Amino acid sequence: IRAVRDFTSRTKGTMKARDFFMLSYYLGGINMEDLKHIDFNKCHKELRYTRTKTEFRGGQETRFTIPEEAKPIIAKYIMKDGHLDIGKDSKVNYNMSYGMRRIRKALGIPNLYMYSARKTFSQNAFELGVSTRVIDYVLGHSLRNSGILYHYVSVSKEMADSAIRKVIEYTNADLKKQDTPNN
């Protein structure tokens with residue numbers, strides 16, 4: 001994730017793919033399909049959405065504070081209507097896939113796709129000890145058939161905020177080391 005975060009290119013489309021990859025990661029592994037439906041004019045500080053894939057099955061609303069790391073990317077791509085300039089439906093997958101292919105090739109990471117942001121977020125959260133219930137919530141998974149314990153416990157916005165912050169802090173740990181002068 002750090003290699004993608006630090007990747008630069010002179011190609012605008014490739015940088016856009018990198019930005020949306022990182023935005024997905026910063027927003028708890030949100031899918032591009034869900035991201036394109038969000039009106040950021042209505043959610044300046046807090047993201048609230050129900051995952052498109054689980055909406056018809058009674059999926060729950062996911063809520064968390066928009067991390068500071070995501071805000072410059074949102075500001076860069078927000079349009080007047082509040083949605084992000086991802087592209088037209090037919091071109092979204094092609095343009096993002098093409099940009100990710102260029103990043104994949106430049107970094108030598110064979111299985112790097114837009115969806116990798118979601119998978120990497122969840123793997124990092126799990127490795128950092130975030131409960132699977134909180135990870136499921138942040139990812140927007142439908143929890144109706146997830147076991148009896150899930151019927152008795154609920155995840156708060158604060159728990160989701162904490163999990164996302166923990167993962168981002170882990171990702172940014174190398175930046176903090178660079179900023180600290182050697183004694």
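Further up the page is the structure itself.
Residues numbered from 1 in each chain as written. Predicted model: local features only at pLDDT ≥ 70, side-chain atom pairs only at ≥ 80, totals over all residues. Heavy atoms only, no water.

## Section: the pattern of salt bridges
To keep things clear, this is the line we draw: Note on definitions: salt bridges are taken to be side-chain nitrogens of Lys or Arg within 4 Å of carboxyl oxygens of Asp or Glu. Secondary structure follows DSSP: runs of H or I at least 4 residues long count as helices, runs of E at least 2 residues long count as strands, and numbering of each begins at the N terminus. Each residue is placed in one exposure class: buried if its accessible area under a 1.4 Å probe, protein chains only, is under 20% of its type's maximum, exposed if it is over 50%, and partly exposed if it falls in between.
Throughout the structure, instances matching the rule amount to 13 salt bridges. The partner of Glu46 in a salt bridge is Arg63, with the nearest N and O atoms 3.2 Å apart. On the criterion of sequence distance, the pair formed by Glu46 in strand 1 (residues 46-50) and Arg63 in strand 2 (residues 61-65) is long-range, its members being 17 residues apart. Look at Glu46 and you get buried, because its relative accessible area is 19%. The exposure class assigned to Arg63 is partly exposed, which follows from its relative accessible area of 27%. Connected via shared salt-bridge partners are Glu46, Arg48, Glu61, Arg63, Lys157 and Asp161.

## Observations concerning the packing of aromatic side chains
Going by this rule: Each Phe, Tyr or Trp ring (for Trp, its six-membered ring) is paired with any other whose centre lies within 6.5 Å, and the angle between the two planes then decides the class: stacked below 30 degrees, edge-to-face above 60, tilted in between.
Taken as a whole and assessed by the stated rule, the structure comprises 3 aromatic pairs. Ring centres of Phe20 and Tyr77 lie 4.9 Å apart, and the angle between their planes is 45°; on these two criteria the pair is classed as tilted. Pair noted here: Phe20 is in helix 2 (residues 12-26) and Tyr77 is in helix 5 (residues 71-77), with a separation of 57 residues, a long-range link. Side by side, Phe20 and Tyr77 carry an identical accessibility label, which is buried. Geometrically, the ring pair formed by Tyr25 and Phe121 is edge-to-face, given 5.9 Å between the ring centres and 80° between the ring planes. Pair noted here: Tyr25 is in helix 2 and Phe121 is in helix 7 (residues 116-127), with a separation of 96 residues, a long-range link. With relative accessibility at 0%, the residue Tyr25 sits in the buried group. Accessibility expressed as a relative area gives 1% for Phe121, which makes it buried.

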